[in-house]
Structures are given as C-alpha cells and as structure tokens.
Amino acid sequence: MRYLPLSDADRQAMLARIGAASIDELFEGIPENVRMSGLPNLPLHAGEMDVERQLSKLAAKNLPASSLPFFVGCGAYKHHVPASVDHLIQRSEFLTSYTPYQPEIAQGTLQYLFEFQTQVALLTGMEVANASMYDGSTACGEAVLMAHRITRRSKAVLAGGLHPHYRAVVETLSRHSGHSVRALEPIPNGGSGEIIAGIDDETSCVVVQMPDYFGGLHDLTPIAAAAHERGALLIVAVTEVISLGALRSPGDMGADIVVAEGQSLGNGLNFGGPYVGLFATRAKYVRQMPGRICGETVDAAGRRGYVLTLSTREQHIRRERATSNICTNSGLCALAFTIHLSLLGEAGLRRLAELNHASAVGLADALSGIDGVELMTPEFFNEFTLRVPGNGAEIIERLAEKGVLGGVPVGRLEPDQPELHDLIIVAATEVTSEADIAAYRSALAEVLKHDR
Amino acid sequence: MTGKERSAPARQNESASPTYSGNRGLLIEEPLIFEVGDTATSGVDLPEAPEAASRLGKLARREPIGLPGLSEPEALRHYVRLSQKNYAIDLGLYPLGSCTMKHNPRANEKLARLPGFGDIHPLQPESTVQGALDLMAQLSAWLTELTGMAGVALSPKAGAHGELCGMTAIKAAHDDKGEQRSVVLVPESAHGTNPATAALLGYSVRTIAARDDGTVSVEAVKAALDADVAAIMLTNPNTCGLFERDIVEIAQAVHDAGAYFYCDGANFNAIVGKARPGDLGIDCMHINLHKTFSTPHGGGGPGSGPVVFSEVLIPYVPIPYLVRDGAMRRLVESEGAAEGRKPFGRLTAFHGQMGMFVRAMAYMLSHGADGMRQASEDAVLNANYIRASLRDVMSQPFGDQTCMHEVLFDDHFLEGTGVTTLDFAKALIDEGFHPMTVYFPLVAHGAMLVEPTESESKASLDQFIGVLRDLAKAAKGGDQDRFKRAPQLAPRQRLDETRAARQPVLRWSAVEPAEAAE
C-alpha cells in the first residue's frame, strides 16, 4: 500500500522490540466479543489511476459553473481566482501543518492570520476580527450567542432578509440552548420599519443581512440607532464579501458584530464547503468573541512574532465555561482569502466590485425587459430578485434543460411561503459575459413564451 | 498607507541576528503586507467596468478601506517566505497526540479540484449535481459500514460541530419523550470540546474520574448515573491512548438509565477495521475526516465532522439529508418534509464540506478495507514501538501497558531536573521535530501525548526515539541550558505569550496598535 512505509520485516522487528508475538496481541485491549475477525464488507485497496477513474466518473455527472451561463448565488458566488492562490495554499508547509500551537515553528501560519484579521477588520469597518470560523452561517449563529452573553438577554430578532439557511442555523442553536428568536417574514425590498418595531427591552440583538438575501440594499443606520437605544446589538451578516468593496461598511453604519461568508475571495464553490467565516467586532467585546485569535508579541531575543492569544476564552482551557465549543477554524480557506485580497489590494477590490455591479445591472436590465418579468429589488449589488410569471423552481429547471443555470428559486429556500414561489434570485459577477447575459435573456423569453 | 510610498521592512533586533538584513541563509525575515504593499498596487489585472448607472443608491462606499495590494511576484515571495517558517507533515514526524497528523495524499487534492466537484454550486438544480449526491451517498455507505451504525449526518463542519450535532440529536430525542434531563457525564480525560458542547446546550457537566489504569470503570459510571443524566460523552480509544475496556457494560448501564451514549470519535483511526462503534452500544459518534481519513489540517482547518447514528436517533438527524427518489437522489432541505422524521434543525448553510468528502472518499477507495485495517495496525504498532523504546527512560502515568495509536508519558521522569514538559517539548524543536501534544490530557501530570501515525517509517521512528532518549539523558544529566533556552534554531525563540494576552495587539495599525479593552 503506497501510503504505508512499514515492510513486513520492519513489522516483525518492531513487534520483537515490543515483546508481542503478533499484531493481534496489541489489540487485546478490545474486548474479544466485539473485535472484528474479518475485513469490513468493502472493496480492497486500489491504485491511484483506478481511484481517479472512479471519482472522475462521478464528477462528470455534474454540471460545473464554468461550463455554461451561470447565475446562481444566494450565499455562494462564482468568481475568478488567480492561479497563484491555489498554488500557494497547496504548499506543504501550509497544507500539512496543524493549528499553530507551537508558535516558534508556525510563524508562517500566525503571520498570515494576523494579516487576515487586519484585512477583515478593515473591510468590515470594525476594530478586531478573529482568525476565522467554519463559514458565514455558523459565524452568524455564534454572533447571536455572543450578543446574548454581552447583553445578558436572550432574544434575537432576525430580519426577513436574512438567508433562510442562516436563519435556520440561528433558530436551531437557540431552540436547543434555551434562547428565543423572532424571525420576521421574508419580504423582498422590505423596509427597516418592521425590524425596528420588533426590538424591545428584552432584545439582545438584531441580525440584518446586507445585501439581503434577495439582493436588496438597506441603510442600516436607523436600525443601529434603534437597537442601541434599547440596549441591543446590531449584527450584520454579509454573504457576498466582494460587496464590501462597493458599499458602505457595516461598521460605518453602526454594526456591533459583523459576520461574513468569505468564500468569494480565494475559494471555489465546492458544492457548499469548505468555506471561511469572517467574524469582526468592537475591541471592547473581544473577550466575548468565539474562535481563535492571533496576536503580536516578541520572542526571547526581542524580535516581533505572533502567537494564538486570549485563549482563556476557549474550550481547551476553559472547558464548560468557554465562549464557544469551536476548536477548528478554516485556516487554509482563510489563507486563500488573504492571498486573493493581498493580490487585489484596495484598487483591485474596488474595480472587482464595480465589475460585479456592472454585470448585474446589465443582466437586470436585460431580464426585466422580458414581458411579465419584474425586478423586485430596485437597489442591489451583484444579485437581485425577479418575479416571474409561473413557478420559479420549474422555470429554473426548464432553463437548466436549455443550458442556463439561471439562479435560485425562492421556493427552494422558503418551501413554507407559497406566496414567494414565483420569485427567483439571480446573481452576476465579473465572470459573467455579455454572451451569457444574451443566452439567459433568450432562454428565459423562450421558456416563458412556451408556458403561455 | 496611501499612494506609492512604502515603508521599510521592520528593523530586526540586531542582537538576535548576526546579519545586516536579519535574514539567516534560507530563513528570510518577512514584513507584513501592510508594510510592503500599498493601496494603489494590484496583482490582478481587471478590465475597467463598463459605464452603467449605479443601483447602489446612497449606500455606495465613500470611505477608503486601507487594503494594501502586492504585485504577483511580491505576493508569491511573501507567502513562500512565510511558508518556510512553518513545520509540516511533509517535512517530518508530527507526533501531536489526538491530532492524527498523517500523510495527506496529493491525489486527493487533485480530485477535489475536478470542476465536477470543485466548481458546482450548492443551490444549483439537483438534476445537475447527481454525481455529487452519489459521492455523498457512497461516503455515507462507507462510514456506516466501517462503524456499524445505521445512518449519518454529513453536514457538520468539524469535530466540535459534530459533537454539537450528536448532542443536539440526543437532546431532541429526550425532548420528544417529554423528558427534562440536565446533566452530561464527561470523563476528566475528555477533550475540552466535550464539556463546552454540553454547556452550549444548557447541560451541566458531571465529571467522572479515571481509575488507576487511565480508563473509565463501569462502576464509576453507574455511580454517576441517575434520572437527570441525559448522556455520557466518552472518547474511545481514550485520550490516554487506551481502549475503554468496560465500554460495552458502560453502554448498557447508560441505556438502562434512559440516557444516550455519545462517543467522541477523534481517535477512531486506531480501530478502523478492528472494531465497530455500533457493536459497542454507541448511539452517535463524530468522525474527524481530517484525522482518520487524512483530509489536510491546513494550519487549523477546514475540518469535517460527519456524525454516525444508531437507529434510535435517526429520526432527529438534522437537515439536509439524502434520500432516493426513483432514479434521482435528492436532499431533504426542510424540516417537516418526511414521514417519521423529526429533524432537530439545521447546523450550517448548504450541505457540508464537500471538498473534504471527496478527499476522504479518495483516501478510503485507495486504502480499501484491507488498507484501512493495515493503517490502524501500523498506527498502533508505531505507537507501541515508541513506548517500548522509551519505557526505560521516560515515565508513563498508568504504568507500562500496551497502548493503541498514541502513547502517553508524564513528567515524572523529569522530577528534580528543573526541566519541565514545556522545556522538553521546545528542545525537540531544535532537533527538527514538532513537539508532541503537551499538558493534555489533564489526567496525567505534565502530559506528553505522542501519536506517530501509520505514515512513519521505522527509520523515522528510530531517529525520533534516538532524539528523545538523548534528551531524557541530557535532562537527567543536568544540561538545563539545552532546555531552558530552547528553541535556539527555529525561526523564533520562545514567544512572550503573557505580553500577547495582557496587551493584545490583534491587528496591524498605521498609527498605534489597537488596544483591546475588557
């Protein structure tokens, strides 16, 4: 077996040193009646070529985003990632290292985490950030728990524009940890009035997504003011991090905690994971933050260096009194994020954001010109919602048959809201070409014409 | 930091380096991106955006961000130089106990990047991702066969997330029966994530002491069980590297008390193909794909923590879960959608760590049933070889007994030398090895937990053993200097962790370090 270096002669010599007659003797600690005698009922080992054939066959059954006009977003986005990003993250010293618990021989990981934290703080307009979370949705769940700890209250208000999966993650955590949640009705282009009306003196936090999951934009300052007046925190969730290159930052609008899905920078679609959660907050709340944090210090010779710090918040020190049970972060995806963002820089990020917006504007104009199609989100970044004459899921399926992946039907995310089932959420990015837009327009027109 | 003006790299402390640059041969000092880049530079050439009327309204960004950019060659150098300051499995033995730093095959990386896996969207129509769902079904089938369990939840993103998944299912099962139970039993040797997970769900933790040999006795469990106990969380093999020999009786006692048995599967790699958790009476167990099934640790993640369940907990498994619908596979994504199911909710957006599923599946197919069993055997053989080669010079807290995939030493052998476990570990760095896990588990004084994994050759183990024997001799011989000053040969000497925590500097700042307040 190519991954196992020991020879039979090695094994015999090692057993002799141990003083065991056979390998089975080493497994005698397992009670005999539950020790397996035969092999598991699975195929035997296979060579690299064979494994490649088997898995390539499965991969070939899927339709990759880059193979056709592609407009699916809603929390994960198709962007172009420079080749050097994927090359660098596959360097052995990054790929095959562990959490940097021995800082003297992990300065590479620690320094990029320090840089990552700074970039995330700058992007979100916050003072501090951690070294990453599993993804945006779990970061959102943790942010709500953190707000409960800070305010010593236990009721969260979720805006209707929060991604339904994020909403479900928060509801699940809350339901089973004794907290309560008030989730507002999802309405495309909904205003902030209902959110503000939902805040009371027991509210620990308001969670608002920006852009919201329909793609719509909101000025968060009135919500922040209303929350702060009642002693509640404003949590802002961002699922498209490129938008921060074009939009006012959540910190600028009064956010207390910002969580984001960082997939768009450096990371592929990967059918939903692995991704990278961003988590940023105000400096005064840092000791209530979940997850690993990297900090600057000096070594015994006085040289600048980095370590994981403030770990008395964490489970391996604090056990049942930890701020979170989280252990793993999303290190390698955070590395991809920080490399991509370092390559872009401010100038590149702003231009990338402009390109995304321009693509979406072109697409929205093209599609909303079709008879019976209505644009529901007048202000948007790179994603918007259309009302279509018919069932959105069926239309998306018909478009797929015509070789266009046209977006996400709201019905898939909100099966219990039939009044939203004629909505589809459509995204465009810098990879969207004019030909893609033309293909979508004609496919949609054809599908709708056929339906009449 | 605006425009083209770039500040000079941070000056090095001259006493620490014999060179003008601060560099030492191949070890090159590297400033922060904020010190070398600037906001006008970009390493990505993008076209200008076409003229279009903005739809951003009043929300267009006005303020600058302050993000530095690097040209592509500068970026390559920056990250390659950083990489050279890291230890890695590909550089040498990485004996972190409980972490399972085994070889990460590159074929798995290649396969995860096939466009059919890496470039598909979690919300594109299911008809266009049948191959991905097939792979998830195949992975589920292999995991349930290897564990002897009834079903699996694939979505948890890491081990601790898997614990949350399993324990929430247990809570939902009690709730469903109308039972209010408030206590979870956790042995003192457990990972910190176990009590933290229990606490997250509102449980209080009742700690169970280990007996003299480092395992948990059925008597201790019975003594702690009552009608208020919801579950036990037990790691098997445990964090002392021992198989819990009373485990079947413990499961029986736990079930008799109306509680459930959660197993922390972090150490499943010791027993794959040798014993099945389903045969032990376990109700649910997370599997760290990044440990047992070799998906790369990546400097701290991403992980993946699927949870296998016994029949009694299947109804509570979270969404999404896979079903077959004629010739098609589908994901059930909403809670009330299926007969007999009462999912406890959703743990994450989308469907889990697909990229890790592909890698783990490639690993399993490569090893096959025979190779996976051989891997477990070699892992256990390697750990016992280290034990047998060091038992005369290092001390073991529970006596010299056969271990599973990792061997636990304590600091008894260092008594009177002035050398601590930490010093001993740091001295290993100068010898070119990553230290073992130190001060965990808490049941051993000054613990040193060594897990070599099956990826090490005999020659590699012999060198490691030689180093440890030499270090033990040096410590006992009074050569304190070798330990107290260690490491001397790494990119950095010991770092001041107290300063980092007392005066936190958590980001670069153009003016003054951002001071974090309480």
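Not measured: the values here are computed from a predicted model. (Residues numbered from 1 in each chain as written. Chains lettered and ligands numbered in written order. Predicted model: local features only at pLDDT ≥ 70, side-chain atom pairs only at ≥ 80, totals over all residues.)

### Quick look at the overall build of chain A
Phase 1 of the analysis: The number of helices and strands found in chain A is 15 helices and 13 strands.
Phase 2 of the analysis: Rg of the C-alpha trace for chain A: 25 Å, near the compact-globule value of 22 Å for 452 residues, within the 12% margin.
Phase 3 of the analysis: Along the longest, intermediate and shortest principal axes, the C-alpha atoms of chain A span 80 × 55 × 50 Å.
Phase 4 of the analysis: Here chain A holds 452 residues, and 64% of them are scored as buried.
Phase 5 of the analysis: In chain A, once contacts between residues fewer than 6 apart in sequence are set aside, the share between residues at least 24 apart is 72%. (Helix = DSSP H or I, 4+ residues; strand = E, 2+ residues; numbered from the N terminus. Rg over C-alpha atoms; globule rule 2.2 N^0.38 Å. Buried ≥ 20, exposed ≤ 12 C-beta atoms within 10 Å, placed from the backbone. Contact = placed C-beta atoms within 7 Å.)

### Description of the packing of helix α5 (residues 130-147) of chain B against helix α11 (residues 354-390) of chain B
Residue and element names in this part refer to chain B.
Phase 1 of the analysis: Running from N to C, α5 and α11 cross one another at 55 degrees; their axes reach a closest spacing of 10 Å. The angle between α5 and α11 falls in the class oblique. Relative to α11, α5 is oriented so that their crossing is left-handed. Residues Ala132, Leu135, Met136, Gln138, Leu139 and Trp142 of α5 form the contact with α11, whose participating residues are Met354, Phe357, Val358, Ala360, Met361 and Met364.
Phase 2 of the analysis: For the contact of α5 with α11, the residue count by class is 11 nonpolar, one polar and no charged. (Axes fitted to C-alpha atoms, helices over the stretch in contact; angles between N-to-C directions. Parallel < 35°, antiparallel > 145°, perpendicular 65-115°, else oblique. Left-handed = near helix turned anticlockwise from the far one by under 90°. Nonpolar A, V, L, I, M, F, W, Y, C, P; charged D, E, K, R; others polar.)

### Considering the packing of α11(B) against helix α13 (residues 458-476) of chain B
Residues and elements named next belong to chain B.
Phase 1 of the analysis: The N-to-C vectors of α11 and α13 enclose an angle of 30 degrees; their axes lie 10 Å apart at closest approach. As for how α11 packs across α13, the hand of that crossing is right-handed. Each of Asn382, Tyr385, Ile386, Ser389 and Leu390 in α11 lies in contact with α13, whose residues at this interface are Leu461, Ile465, Leu468 and Arg469.

### So, the sheet that holds strand β6 (residues 284-286) of chain B
All names here are of chain B.
Phase 1 of the analysis: The mixed open sheet is built from seven strands, whose spatial order is β1-β7-β6-β5-β4-β2-β3. Of all strands in the sheet, those bounded by a partner on one side alone are β1 (151-153) and β3 (204-208). When strand polarity is set aside, the average angle formed by the axes of neighbouring strands in this sheet is 25 degrees.
Phase 2 of the analysis: Where β6 meets strand β7 (residues 307-309), three bridges bridge the pair, whose relative direction is antiparallel. Note on β7: the bridge partner recorded for methionine 285 is valine 308. (Pairing = 2+ DSSP bridges.)

### Observations regarding the domain arrangement of chain A
All names here are of chain A.
Phase 1 of the analysis: Here chain A is partitioned into domain 1 (65-79 + 345-451) and domain 2 (83-340).
Phase 2 of the analysis: Using C-alpha coordinates to define each centre, domain 1 is positioned 27 Å away from domain 2.
Phase 3 of the analysis: Tallying the contact residues gives 29 residues for domain 1 and 24 residues for domain 2.
Phase 4 of the analysis: Elements that contribute at least two residues to the side of domain 1 that touches domain 2 include exactly α12 (331-368), β11 (383-387) and β13 (423-427).
Phase 5 of the analysis: Per-element accounting of the side of domain 1 that touches domain 2 gives the leading share, seven residues, to α12. (Domains from an automatic or database assignment.)

### Concerning the interface of chain A and chain B
A common measure of how large an interface is: the accessible area buried when the components associate.
Phase 1 of the analysis: Opposite the 174 residues of chain A that make contact, chain B presents 188 residues.
Phase 2 of the analysis: Sorting elements by how many residues they give to the side of chain A that touches chain B places α12(A) first, with 22 residues.
Phase 3 of the analysis: Looking at the side of chain A that touches chain B, its residues break down into 87 nonpolar, 53 polar and 34 charged.

### Side note on the pairing of strand β5 (residues 233-238) of chain A
Side-chain direction in a regular strand flips from residue to residue, so the side chains alternate between the two faces of the sheet.
All names here are of chain A.
Phase 1 of the analysis: Of all six residues in β5, six are buried, a share of seventy percent or more.
Phase 2 of the analysis: Residues Leu233, Ile235 and Ala237 point to one face of β5 and Leu234, Val236 and Val238 to the other, with burial holding for every one of them.
Phase 3 of the analysis: Pairing analysis gives five bridges linking strand β4 (residues 203-209) to β5, with the strands arranged parallel. For valine 207, the partnering residue across the bridge sits in β5 and is isoleucine 235.
Phase 4 of the analysis: Read as a crossover between parallel neighbours, the route from β4 over helix α10 (residues 221-229) to β5 is right-handed. (Right-handed = clockwise from strand over helix to strand, strands pointing away.)

### Examining the confidence of the model for chain B
All names here are of chain B.
Phase 1 of the analysis: Residues with a pLDDT of 70 or more make up 95% of chain B, whose mean pLDDT is 94.
Phase 2 of the analysis: Note that residues 1-14 has pLDDT below 50 and, in this model, 26 contacts with residues that lie over four places away or in other chains.
Phase 3 of the analysis: Counting contacts from residues 513-518, a segment whose pLDDT is below 50, to residues more than four positions away or on other chains yields 16 contacts.
Phase 4 of the analysis: Both confidence scores are given for the complex: pTM 0.97, ipTM 0.97. (pLDDT = per-residue confidence, 0-100.)

### Focus: α5(B)
All names here are of chain B.
Phase 1 of the analysis: The terminal C-alpha atoms of α5 lie 26 Å apart, and with 18 residues this matches the ideal 26 Å at 1.5 Å per residue to within 8%.
Phase 2 of the analysis: Three or more residues of α5 are buried, namely Gly131, Ala132, Leu133, Leu135, Met136, Leu139, Trp142, Leu143, Leu146 and Thr147.
Phase 3 of the analysis: Downstream of α5 by a residue or two, glycine 148 has a phi angle that is positive, lying close to 70 degrees. (Expected span 1.5 Å × (residues − 1).)

### Digging into the domain arrangement of chain B
Residues and elements named next belong to chain B.
Phase 1 of the analysis: Domain parsing of chain B yields domain 1 (150-362) and domain 2 (372-499).
Phase 2 of the analysis: The centre of domain 1, based on its C-alpha atoms, is set 30 Å off from the matching centre of domain 2.
Phase 3 of the analysis: Contact with domain 1, which involves 19 residues of that partner, is made by 19 residues of domain 2.
Phase 4 of the analysis: Split by residue class, the side of domain 1 that touches domain 2 holds eight nonpolar, seven polar and four charged.

### Focus on unusual backbone geometry
Phase 1 of the analysis: Following Met210(A), the chain continues into Pro211(A) via a peptide bond in cis, with omega recorded as -15 degrees.
Phase 2 of the analysis: Following Asn236(B), the chain continues into Pro237(B) via a peptide bond in cis, with omega recorded as -10 degrees.
Phase 3 of the analysis: For Pro237(B), the position within the fold is in the loop between β4 (229-235) and α9 (247-256).
Phase 4 of the analysis: The backbone of Asn270(A) sits at a positive phi, close to 50 degrees, despite the residue not being glycine.
Phase 5 of the analysis: Backbone geometry places Phe271(A), a non-glycine residue, at a positive phi of 55 degrees.
Phase 6 of the analysis: Of note, Phe271(A) is situated in the loop between β6 (257-261) and β7 (277-281).

### Some points on the nonpolar core
Phase 1 of the analysis: Residues Val206(A), Val207(A) and Ile235(A) are the most contacted members of the largest nonpolar core, which totals 324 residues.
Phase 2 of the analysis: Element by element, the count of residues in this core is highest for α11(B), at 21 residues.
Phase 3 of the analysis: Apart from the residues lying within four places of it in its own chain, the contact partners of Val207(A) are Cys140(A), Val144(A), Ala156(A), Leu158(A), Ala159(A), Leu162(A), Val170(A), Ile235(A) and Ala237(A). (Core = buried A, V, L, I, M, F, W, Y, C linked by C-beta atoms within 7 Å.)

### Some details on the environment of Val80(B)
Phase 1 of the analysis: One can find Val80(B) in helix α2 (residues 72-83).
Phase 2 of the analysis: Under the C-beta neighbour-count criterion, Val80(B) is labelled partly exposed, with 17 such atoms within 10 Å.

### Focus on the pairing of β3(B)
Residues and elements named next belong to chain B.
Phase 1 of the analysis: Pairing of strand β2 (residues 183-187) with β3, which is carried by five bridges, proceeds in the parallel orientation. The residue bridging valine 186 from the neighbouring strand is threonine 207, located in β3.
Phase 2 of the analysis: Running through helix α7 (residues 193-200), the crossover from β2 to the neighbouring parallel element β3 is right-handed.

### Regarding helix α12 (residues 421-430) of chain B
Each full turn of the α-helix corresponds to 3.6 residues, which orients residues three or four apart in the same direction.
Residue and element names in this part refer to chain B.
Phase 1 of the analysis: Extensive coverage of α12 is indicated by the burial of eight of its 10 residues.
Phase 2 of the analysis: Turning to α12, its buried residues are Thr421, Asp423, Phe424, Ala425, Lys426, Ala427, Leu428 and Ile429.
Phase 3 of the analysis: For α12, the elements touching its buried residues are β11 (437-438), β12 (448-450), α13 and α14 (480-484).
Phase 4 of the analysis: Phi turns positive, to about 90 degrees, at glycine 432, one or two residues after α12.

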